[in-house]
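Structural overview
In case you want the letters, here they are:
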Amino acid sequence: MTQKIDAKNQSCPAPVLMTKQVVESESPASLAVMVDNDAARQNVTKYFESQGYDVTVNGTDGLFEVTGTLGTEANTQANADQGARPEVKAEANSADNNAAAQKKIMIMVATDRIGFGDDTLGQKLMASYIKTLKEIDGELWRIVFVNNGVKLTIGDSPVIDDLKELEASGVDLLVCGACLTHFNLMDKKDVGQVTNMLDIVTSMQLADSVVNI
Amino acid sequence: MIGLSRADDAGVYRVSESLALIQTVDFFTPIVDDPHSFGRIAAANALSDVYAMGGVPKTAMNLVGFPAGEMDISVLRSIIKGGAEKVAEAGAVLIGGHSVEDPELKYGLSVTGFAHPDRVLAKKTLKPGTKLILTKPLGTGIINTAIKGGVAPAEVIENATRIMEELNRTAAESMEGMAVRACTDITGFGLLGHAAEMVEGTDCSIRFNTSAIPIIPEAVEYAKMGLIPAGTYKNQDFRGSMTSMGHGIEPFMADILFDPQTSGGLLICIDSDDQSSKNGAEGLLEVLHKNGVEHSAIIGDVVEKESSNKVYLI
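Now for a quick tour of the structure. (Residues numbered from 1 in each chain as written. Chains lettered and ligands numbered in written order. Predicted model: local features only at pLDDT ≥ 70, side-chain atom pairs only at ≥ 80, totals over all residues. Heavy atoms only, no water.)

Okay, the nonpolar core next. Generally speaking, soluble globular proteins have nonpolar side chains that are buried together. Counting residues in hydrophobic clusters, the biggest one holds 116 residues, and the most contacted among them are Phe208 and Tyr222 of chain B. By residue number, the principal contributor to this core is helix α1 (residues 35-52) of chain B, which donates 10 residues. If sequence neighbours within four positions are ignored, Tyr222 of chain B has contacts with Ile142, Ile143, Ala146, Val151, Ala152, Pro153, Val156 and Leu227 of chain B. Counting 33 residues, the second largest nonpolar core, distinct from the first, contains Ile105, Val146, Val159 and Leu173 of chain A. (Core = buried A, V, L, I, M, F, W, Y, C linked by side-chain atoms within 4.5 Å. Buried < 20%, exposed > 50% of the residue type's maximum accessible area, 1.4 Å probe, protein only. Helix = DSSP H or I, 4+ residues; strand = E, 2+ residues; numbered from the N terminus. Contact = heavy atoms within 4.5 Å.)

Structure representation (structure tokens):
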């Protein structure tokens, strides 16, 4: 089934970044992106082409559906790779290839504060920790948020901008769906992808090192 | 001498036989996150129009739109400090300014410069047989889009910031005594848009040697990914019919050559060196490189127009 992204009312480069996020985290065999301006239509088309997708565009002035479809060969590979990091697109940008060759660090965040003692201090430490994570550079692969950790991913979290920045730089952010439901925060989540325990366990297996916070 | 009816980089008013006043104004919303860099870039951009007219900046005034309720005043201080540094580097004096409350931050300057009326450089005074030099690499609009999208790493941001902050002063001073025919600076219309503007209504067409055009390397990667500002497409719609892409030129090149530049370089039309002197294109290029305008390159030439004014890419 073709997955869909609604990128209407978004100005460049947002539609490309929305597409990029889905392509990089899920490598869908087929993905349709709705856009409402010509610049976005052309940019999403170019992005798909740069990632080895075939592109078809439907629609007229003011509303377009840009659909990217992986070729048969790449398609098979993508299916075989499901659940793993999408390293299938050989001609993807070199930064990605470097990242693939590098160590993969996964961070498991099970709390919204660091350590025991003073909670205010603990929250400050967590904010500072997340802000500083970008210094790890290419090796930081995936951050998984569970239990109280999911509270860091909601709209008014003190680190929401830092997490968005990490995500934009290519770090996968996975947020435990059951935990969001438990805290009744599902619709307040503002960054990352909802995940399940199977993904979390698989991630741990794929990572070169797992850091628990 | 030059006003609205003959749109150029700046307005020019003859004060006396030996003095022409050059006036220009430019301001925009932030293109980089760092307020100090933004101030420096905005000032370099505003000052550039005076250099493109062959003038020397003398005075400048700040223009500020600032969301006072939402943003800390220290942000504005950093912006203005950055702008003042560039005005000082240009040898001009900051003599005032005006600010308004604005939900969206904006900064720029109005700049006044002097030139000798006989040495004002317009943009449409091309001549067939001359050459074209570009003094800064292209791609800042695409890089700024990648910055906005959080895709550009720190070193790419730093490099682009350095290029955008660079005054066109040294490039302009290098033209002193050279056989320069016309000049403009590359900004919002992109290289091809400004080139089209230069030839429109003249007897000339321009022929760019595409492989000689200096480009920020990462801009190629981002252009292929579709990190292209909407302005690029507007420029293509507006001037696409005047341009002609040669065989074998990759389509993404059009996106880079129509990319709106922030504080771009000068595009200089100059005679070729003749046997007796080095005051032509080759001589100027040597001087530019010696003076540290390292990305400068001869990127094309001016030819007689055939049926219509064109910008050819070969």
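The structure having been displayed, the exposition proceeds.
Next up on the list: helix α6 (residues 190-199) of chain B. Given 3.6 residues to a turn, an α-helix orients residues that are three or four positions apart in the same direction. Residues and elements named next belong to chain B. Counting buried positions over the 10 residues of α6 gives 10, a clear majority of the element. Turning to α6, its buried residues are Gly190, Leu191, Leu192, Gly193, His194, Ala195, Ala196, Glu197, Met198 and Val199. Just downstream of α6, Gly201 is the residue with a positive phi angle, here 80°.

Here the focus is the packing of helix α3 (residues 140-148) of chain B against helix α7 (residues 217-225) of chain B. Residues and elements named next belong to chain B. α7 packs onto α3 with a crossing angle of 65° between their chain directions and a minimal axis gap of 9 Å. As for how α3 packs across α7, the hand of that crossing is left-handed. Note on element contacts: α7 touches α3 through Glu218, Ala219, Tyr222 and Ala223, opposite Ile142, Ile143 and Ala146. (Axes fitted to C-alpha atoms, helices over the stretch in contact; angles between N-to-C directions. Left-handed = near helix turned anticlockwise from the far one by under 90°.)

The step from Cys12 of chain A to Pro13 of chain A runs through a cis peptide bond, and the omega angle for that step is 5°. Tracing the chain through its elements places Pro13 of chain A in the loop between β1 (3-6) and α1 (14-26). Positive phi is not limited to glycine here, since Ser27 of chain A has a value of about 30°. By secondary structure assignment, the location of Ser27 of chain A is in the loop between α1 and β2 (30-35). A positive phi angle is found at Ser263 of chain B, which is not glycine, with a value near 50°.

This next bit is on the environment of Gly150 of chain B. Tracing the sequence through the fold places Gly150 of chain B in the loop between α3 and α4 (154-165). Take Gly150 of chain B: its relative accessible area is 29%, and that puts it in the partly exposed class. Discounting chain neighbours no more than four positions away, the residues touching Gly150 of chain B are Ala168 and Ser169 of chain A.

On to the interface of chain A and chain B, then. Contacts between the two partners involve 14 residues from chain A and, on the opposite side, 15 residues from chain B. Our count for the chain A to chain B interface comes out at 1 salt bridge. Here Asp255 of chain B makes a salt bridge to Lys46 of chain A, at a shortest N to O gap of 2.6 Å. The interface formed by chain A and chain B contains 5 residue pairs in polar contact (both at pLDDT 80 or more). Those elements that provide at least two residues to the side of chain A that touches chain B are α1 and α2 (38-50) of chain A. By residue number, the principal contributor to the side of chain A that touches chain B is α2 of chain A, which donates 6 residues. Partitioned by chemical class, the residues of the side of chain A that touches chain B number 7 nonpolar, 5 polar and 2 charged. (Salt bridge = Lys/Arg side-chain N within 4 Å of Asp/Glu carboxyl O. Polar contact = N/O pair within 3.5 Å; in protein donor to acceptor, adjacent residues only side chain to side chain. Nonpolar A, V, L, I, M, F, W, Y, C, P; charged D, E, K, R; others polar.)

All names here are of chain A. Over its 14 residues, helix α5 (residues 119-132) runs 20 Å from end to end, which matches the ideal 20 Å to within 8%, given 1.5 Å per residue. Where α5 is buried, its residues meet β5 (105-109) and α6 (160-168). Backbone nitrogen of Thr120 and a side-chain oxygen of the N-cap are separated by 2.9 Å at the start of α5; the cap is Asp118. (Expected span 1.5 Å × (residues − 1).)

All names here are of chain B. Across 4 bridges, strand β6 (residues 131-134) lies against strand β10 (residues 266-270) in antiparallel orientation. Its bridge partner being in β10, Ile133 is matched across the sheet by Ile268. For β6 and strand β11 (residues 297-304), the ladder comprises 4 bridges, and the chain directions are antiparallel. Along β11, the bridge assignment pairs Leu134 with Ala297. (Pairing = 2+ DSSP bridges.)

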